[in-house]
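Structure at a glance
So you can see what is in the structure, the chains are spelled out below.
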Amino acid sequence: MSKLILYARALPLVTKAMSVTYLVLSLTAILLRLQATTDIDGGSDPSYAASQDPARFLILRPGFIASYPWTILTSTFVETNLLFLLFGLAGLVAIGSFLERQWGGRSFALFVLVTTMVPALTAAVVSIALYAVRGSAHASILYGTHVGGLAGLVSAFTVGLKQLMPEYSVKLFGGALSFRMNELPGVYTLVAPIMFTLLGDLGSVLLVNIGFLEAFVYLRFYRREGSLYGDRSEAFAFTTFFPEFVQPLIARLSNALYGAAVACKLIT
């Protein structure tokens with residue numbers, strides 16, 4: 001226990017604050033939900049059921065985004081599944097502390113802010129659009145979808161690791177499973193959405209993919225390092241996130257989007 005306390009004290013400031021926030025908000029949501037006396041995820045009226053959720057002021061539901069706008073930020077640090085909470089905390093401590101030491105506290109905090117709030121807001125807007133297309137019979141999309149947890153932030157972290165150490169190899173289970181950091185974003189964005197789809201977690205599926213895209217755009221074009229903005233190296237090109245056989249097609253699409261963004265003066 002003493003070693004664990006010493007390790008926690010040695011964590012960089014932003015990572016430590018994020019970990020404490022994640023733990024406190026998640027446990028608060030779990031404890032509040034344990035006291036719930038109504039079905040908060042189902043029922044004939046999803047809107048009413050969601051309104052009875054005692055943790056609704058912490059968790060972002062697209063249908064309540066106007067009532068609780070601050071959940072765009074807080075929902076990222078709320079995980080109501082104990083197993084996911086433990087895995088998320090381990091990833092936040094291990095990867096977050098590494099990225100913070102490499103980038104510095106201020107730059108890392110800005111990265112986290114951008115890659116949590118923008119994906120959460122985008123996922124909520126997508127959910128509202130899906131509801132508008134599918135009709136009022138699918139109100140569960142608005143009120144049953146939880147947009148939160150670390151799924152999107154972990155996706156952003158994998159992009160950061162690829163940028164910093166693409167050729168570093170990780171070996172798991174005694175070497176039975178190994179991969180390079182260059183492959184990590186692709187593996188995560190392939191496996192995680194399948195897992196969350198099987199669990200019926202639409203919010204996390206959206207966050208994984210949007211978090212990946214947002215992290216790449218931010219690190220590629222906007223993150224400031226001294227007097228320079230972004231990372232325009234060929235090793236960090238968007239095509240490098242995909243297998244070689246689809247890279248020519250990806251290059252055409254990404255170049256077209258890049259040209260449109262430059263024309264609109266969103267990037268230089």
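Calculation notes
- Residues numbered from 1 in each chain as written.
- Predicted model: local features only at pLDDT ≥ 70, side-chain atom pairs only at ≥ 80, totals over all residues.
- Heavy atoms only, no water.
- UniProt positions renumbered as here; feature names shortened; annotations may be inferred.
- Helix = DSSP H or I, 4+ residues; strand = E, 2+ residues; numbered from the N terminus.
- Buried < 20%, exposed > 50% of the residue type's maximum accessible area, 1.4 Å probe, protein only.
- Contact = heavy atoms within 4.5 Å.
- Areas by Shrake-Rupley, 256 points an atom, 1.4 Å probe, with all protein chains shown as cover.
- Axes fitted to C-alpha atoms, helices over the stretch in contact; angles between N-to-C directions.
- Parallel < 35°, antiparallel > 145°, perpendicular 65-115°, else oblique.
- Left-handed = near helix turned anticlockwise from the far one by under 90°.
- Nonpolar A, V, L, I, M, F, W, Y, C, P; charged D, E, K, R; others polar.
- Salt bridge = Lys/Arg side-chain N within 4 Å of Asp/Glu carboxyl O.
- Core = buried A, V, L, I, M, F, W, Y, C linked by side-chain atoms within 4.5 Å.
- Expected span 1.5 Å × (residues − 1).
- Phe/Tyr/Trp six-rings, centres within 6.5 Å; stacked < 30°, edge-to-face > 60°.

UniProt, in its Subcellular location (unreviewed entry) section for the chain, records the words "Membrane".

Details of the overall build of the chain
Broken down by element type, the chain carries eleven helices and four strands. When each of the 268 residues of the chain is scored for burial, the buried share is 43%. Summarising the internal contacts of the chain: among those between residues at least 6 apart in sequence, 64% fall at separations of at least 24. With an accessible surface of roughly 14,600 Å², the chain has 67% of that area assigned to carbon and sulfur atoms.

Quick notes on the packing of helix H8 (residues 151-164) against helix H9 (residues 184-198)
H9 packs onto H8 with a crossing angle of 165° between their chain directions and a minimal axis gap of 9 Å. The pairing of H8 with H9 is recorded here as roughly antiparallel in orientation. Considering how the two elements wind past one another, H8 and H9 form a crossing that is right-handed. Taking contact as the criterion, the partners of Ala 151, Val 154, Ser 155, Thr 158, Val 159, Leu 161 and Lys 162 in H8 are, on H9, Leu 184, Pro 185, Tyr 188, Thr 189 and Phe 196. Its residues assigned to classes, the contact of H8 with H9 shows eight nonpolar, three polar and one charged.

Re the pattern of salt bridges
One pass over the full model with this rule turns up three salt bridges. Measuring nitrogen to oxygen at the nearest pair gives 2.8 Å for the salt bridge that ties Arg 61 to Asp 53. Arg 223 is the salt-bridge partner of Glu 225, the closest N and O atoms lying 2.8 Å from each other. Sharing partners across several salt bridges, the network here consists of Arg 33, Asp 53 and Arg 61.

Quick word on the UniProt feature "transmembrane region" (unreviewed entry) in the chain
Sites flagged by UniProt as "transmembrane region" (unreviewed entry) map to residues 82-99, 108-133 and 139-161. Span residues 139-161 is 65% helix and 0% strand, its end C-alpha atoms 38 Å apart.

As for the nonpolar core
With 37 residues, the main nonpolar core has Met 18, Phe 108, Phe 111 and Val 159 as its most contacted residues. When contributions to this core are tallied by element, the ones reaching two or more residues are helix H2 (13-34), helix H5 (82-103), helix H6 (105-134), H8 and helix H10 (202-222). Apart from residues lying up to four places away in sequence, Phe 108 is in contact with Val 14, Thr 15, Met 18, Gly 96, Leu 99, Glu 100, Trp 103 and Phe 157. Within the second largest apolar cluster, ten residues are counted, among which are Ala 120, Val 147, Leu 206 and Ile 210.

Description of the environment of Leu 142
With respect to the helices, strands and loops of the structure, Leu 142 is situated in helix H7 (residues 140-143). Along the chain, Leu 142 and Ser 47 lie 95 residues apart, while their C-alpha atoms are 8.1 Å from each other. If we ignore the near neighbours within four places in the chain, the residues touching Leu 142 are Arg 61, Pro 62, Gly 63, Ile 128 and Tyr 131.

A short note on H10
A rise of 1.5 Å per residue sets the reference length of H10, with its 21 residues, at 30 Å; its end C-alpha atoms lie 29 Å apart and thus fit the reference within 8%. Most of H10 is tucked away, with 16 of its 21 residues classed as buried.

Some words on the packing of H6 against H10
Two elements in contact, H6 and H10, have axes separated by 8 Å at closest approach and are oriented at 135°. Classed by the angle they form, the pair H6 and H10 counts as oblique. Two packed elements cross with a definite hand, and for H6 against H10 that hand is right-handed. Contacts between H6 and H10 involve Leu 110, Phe 111, Val 114, Thr 115, Val 118, Pro 119, Ala 120, Thr 122, Ala 123, Val 126, Ser 127 and Leu 130 from the first element and Leu 202, Leu 206, Leu 207, Ile 210, Gly 211, Glu 214, Ala 215, Tyr 218 and Leu 219 from the second.

Quick word on the side chain of Thr 116
Residue position: Thr 116 is located in helix H6. With residues near it in sequence (within four places) discarded, Thr 116 still touches Ile 72, Leu 73, Thr 76 and Leu 153.

Overview of the packing of aromatic side chains
Here the structure, examined in full by the defined rule, presents 16 aromatic pairs. Centroid distance Phe 216 to Phe 241: 5.5 Å. Interplanar angle 85°. Geometry classified as edge-to-face. Note that Phe 216 is positioned in helix H10 and Phe 241 in the loop between strand E4 (228-229) and helix H11 (247-263), a separation of 25 residues in sequence. Across the pair, exposure class does not vary: Phe 216 and Phe 241 are buried alike. Grouped by ring-pair contacts, the aromatic residues Phe 212, Phe 216, Phe 236, Phe 238, Phe 241 and Phe 242 constitute a single cluster.

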